[in-house]
Amino acid sequence: MKSALVCGAGGFIGGHLVGKLKREGYWVRGVDIKEHEFAPTQADEFCLLDLREEAGCQAALALDGGTFDEVYQLAADMGGMGFIHSAECEIMHNSVLINVHMTHHAARMNVPRYFFSSSVCVYRDMQPGEPELTEADVIPANPDNEYGWEKLYSERMALAYGRRYGMKVRIARFQNCFGPFGTWRGGREKAPAAICRKVAEVEDGGTIEVWGDGSAIRSYTYVDDMVEGIYLLMQSDLEGAVNIGNPQYVSVNELVTTIAQVAGKTIHIKHVDGPVGVQSRNFSNARICSLGWQANFDLEAGIRQTYPWIEAQARGI
Ligand code: NAD
């Protein structure tokens, strides 16, 4: 039986990834600084550890009788645009410490395969209609925020340790990911969850506030598709960073319209000042698609899975 360590298993994507690895027949240890807020863990073993500390990383990696076959590093101090703009120092401090120690000790403990969760925030801003950027177009680097710079540095560190220690490093750059069992309130939630919550809380015909003018272009990837991509990539020979994202690009206004349709409500939008991030996104998925990956959920199908869960949470069910 293969063994896997999932760092960030108390979080949204890490929690779903544990479920995927269990379905694939792995023995899984999950690690996080907190328990999962919304669902019991499916991991065989769950450890509460602070991965900013070297000792925490060493304890996470220690396994009786050898090393983990696969390590998935998804732990990060992380949130939506509101958090990214207000917590620059925490992001750069905490996430870089997690990655410095985890990469160093995984390599020195001869972990054969190491996955790092990066983000399309490593790329520069784009204008609507610009041709796709490939992974190589990240250079010359000009991320829009410090979260992106931290990811870029940690990608390069993982690749350097991979070269030195012969560790097979796999790096995914995630587009926006959404689905049930993710943060939906409290300041760290991302746009799809925040808008689902606002729509759930307002009456039919009501008005919700949306940051910016609603024209920013994004793609939103349903979490099941993301987790399939992570797993395929980890099993593959693809070296270097790999974008994973739904090829359907929509404006924030269109995101609101889709959520309102799924909710069966007429919703009016009041645009207010707030952190919006980049204007536009358009990335090549050719590398992940070369492994047979495709997005099985378009935006509406993903929202149909997500909205009822957030609505039930908002109603306190
Ligand atoms: P999340 O916040 O739900 O999960 C991250 C987990 O890391 C949390 O449970 C948190 O408690 C844990 N963590 C933070 N500091 C820790 C520490 N010191 N020690 C141990 N655990 C710690 O976020 P997510 O959406 O599941 O994202 C997972 C990964 O994917 C992150 O690296 C994130 O940057 C990346 N990513 C996510 C998205 C997205 O849209 N969700 C997009 C791009 C990249």
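Not measured: the values here are computed from a predicted model.

Neighbouring the ligand are 27 residues; Ile13, Asp32, Asp50, Tyr147 and Cys177 lie closest to it. With respect to the ligand, the backbone of isoleucine 13 contributes an N or O atom lying 2.8 Å from an oxygen atom. Here an oxygen atom of the ligand and a backbone polar atom of leucine 74 are 3.1 Å apart. Sort the elements by how many residues they give to the shell around the ligand and strand 5 (residues 113-119) lands first, with three residues. Its residues assigned to classes, the shell around the ligand comprises 13 nonpolar, eight polar and six charged.

Quick look at unusual backbone geometry now. Residues isoleucine 139 and proline 140 are joined by a peptide bond in cis, for which omega reads 0 degrees. Looking at the secondary structure, you find proline 140 in the loop between strand 5 and helix 5 (146-165). Not every positive phi belongs to a glycine, and asparagine 110 is a case in point at roughly 60 degrees. Mapped onto the elements, asparagine 110 comes out in the loop between helix 4 (88-108) and strand 5. Classification of asparagine 110 by relative accessible area gives exposed; the value is 56%. Notably, phenylalanine 181 is not glycine yet its phi reads approximately 70 degrees, a positive angle. Topologically, phenylalanine 181 is positioned in the loop between strand 7 (176-178) and helix 6 (191-201).

This part covers the nonpolar core. Of all hydrophobic cores here, the largest spans 55 residues; its most connected members are Val6, Leu21, Tyr72, Leu74, Phe115 and Ile230. The dominant element in this core, judged by the number of residues it contributes, is helix 7 (residues 223-235), at seven residues. Residue contributions to this core reach at least three from each of two domains, namely domain 1 (3-176 + 221-244) and domain 2 (180-219 + 248-281 + 298-314). Not counting residues within four places of it along the chain, the set of residues in contact with leucine 74 comprises Val6, Cys7, Gly8, Ile13, Gly14, Leu17, Phe115, Ser117, Phe174 and Ile230. Core analysis: the second largest hydrophobic core is formed by 24 residues, Leu5, Leu61, Ala107 and Val169 among them.

With parallel pairing, the seven strands of this open sheet are ordered in space as 3-2-1-4-5-6-10. Of all the strands in the sheet, the pair left with one neighbour each is strand 3 (45-48) and strand 10 (241-244). When the angles between neighbouring strand axes are averaged without regard to direction, this sheet yields 20 degrees. Pairing of strand 1 (residues 3-7) with strand 4 (residues 70-73) involves four bridges; the strand directions are parallel. Across the sheet, residue leucine 5 finds its bridge partner in strand 4, namely valine 71. Contacting strand 1, strand 4 and strand 5, helix 4 crosses the sheet at an angle of about 160 degrees to strand 5. Of the strands in this sheet, strand 5, strand 6 (168-174) and strand 10 are in contact with helix 5, which crosses strand 5 at around 160 degrees.

Here we take up the environment of aspartate 50. Inspection of the secondary structure assignment puts aspartate 50 in the loop between strand 3 and helix 2 (54-61). Along the sequence, aspartate 50 and alanine 60 sit ten residues apart, while their C-alpha atoms lie 9.5 Å from each other. Each residue touching aspartate 50, except ones within four places of it in the same chain, is listed here: Ile33 and Gly56. Only 2.7 Å separates the side chain of aspartate 50 from the side chain of arginine 52, close enough to count as a polar contact.

With that settled, consider the packing of aromatic side chains. On inspection of all chains with the given rule, the structure shows ten aromatic pairs. Where phenylalanine 38 meets tryptophan 309, the ring centres are 5.2 Å apart and the plane angle is 85 degrees; that geometry is what we call edge-to-face. Of the two residues, phenylalanine 38 is situated in the loop between strand 2 (27-32) and strand 3 and tryptophan 309 in helix 10 (residues 299-314); the sequence distance between them amounts to 271 residues. On the basis of relative accessible area, phenylalanine 38 is assigned to the partly exposed category, the value being 22%.

Next up on the list: the pairing of strand 8 (residues 207-211). Residues of strand 8 alternate between two faces, with Ile208 and Val210 buried on one and Thr207, Glu209 and Trp211 left unburied on the opposite face. Where strand 8 and strand 12 (residues 268-272) come together, five bridges link them in parallel fashion. When the bridges of strand 12 are listed, glutamate 209 appears paired with lysine 270.

So, about the confidence of the model for the protein. Per-residue pLDDT for the protein averages 97, and the proportion of residues at 70 or more is 100%. Per-residue pLDDT, averaged within each element of the protein, yields its smallest value for helix 3 (residues 81-86) (90) and its largest for strand 4 (99).

Here we take up the layout of surface pockets. Empty space among the atoms can be located by rolling a probe the size of a water molecule over them. Taken as a whole, the second largest pocket spans an internal volume of roughly 260 Å³. Lining of the second largest pocket is provided by 16 residues; of these, Gly15, His16, Gly19, Gln42 and Phe181 occupy positions nearest its centre. Looking at which element gives the most residues to the lining of the second largest pocket, the answer is helix 1 (residues 12-23), with five residues. Looking at the lining of the second largest pocket residue by residue, the classes come out as seven nonpolar, six polar and three charged.

About the criteria used
Residues numbered from 1 in each chain as written. Predicted model: local features only at pLDDT ≥ 70, side-chain atom pairs only at ≥ 80, totals over all residues. Heavy atoms only, no water. Near = heavy atom within 4 Å. Polar contact = N/O pair within 3.5 Å; in protein donor to acceptor, adjacent residues only side chain to side chain. Helix = DSSP H or I, 4+ residues; strand = E, 2+ residues; numbered from the N terminus. Nonpolar A, V, L, I, M, F, W, Y, C, P; charged D, E, K, R; others polar. Buried < 20%, exposed > 50% of the residue type's maximum accessible area, 1.4 Å probe, protein only. Core = buried A, V, L, I, M, F, W, Y, C linked by side-chain atoms within 4.5 Å. Domains from an automatic or database assignment. Contact = heavy atoms within 4.5 Å. Pairing = 2+ DSSP bridges. Axes fitted to C-alpha atoms, helices over the stretch in contact; angles between N-to-C directions. Phe/Tyr/Trp six-rings, centres within 6.5 Å; stacked < 30°, edge-to-face > 60°. pLDDT = per-residue confidence, 0-100. 1 Å grid on protein atoms, 1.4 Å probe; cavity = no way out; pocket = protein on both sides within 12 Å on 5 of 7 lines; lining within 4 Å. Points joined across faces, edges and corners; volume = space filled by probe spheres on them.

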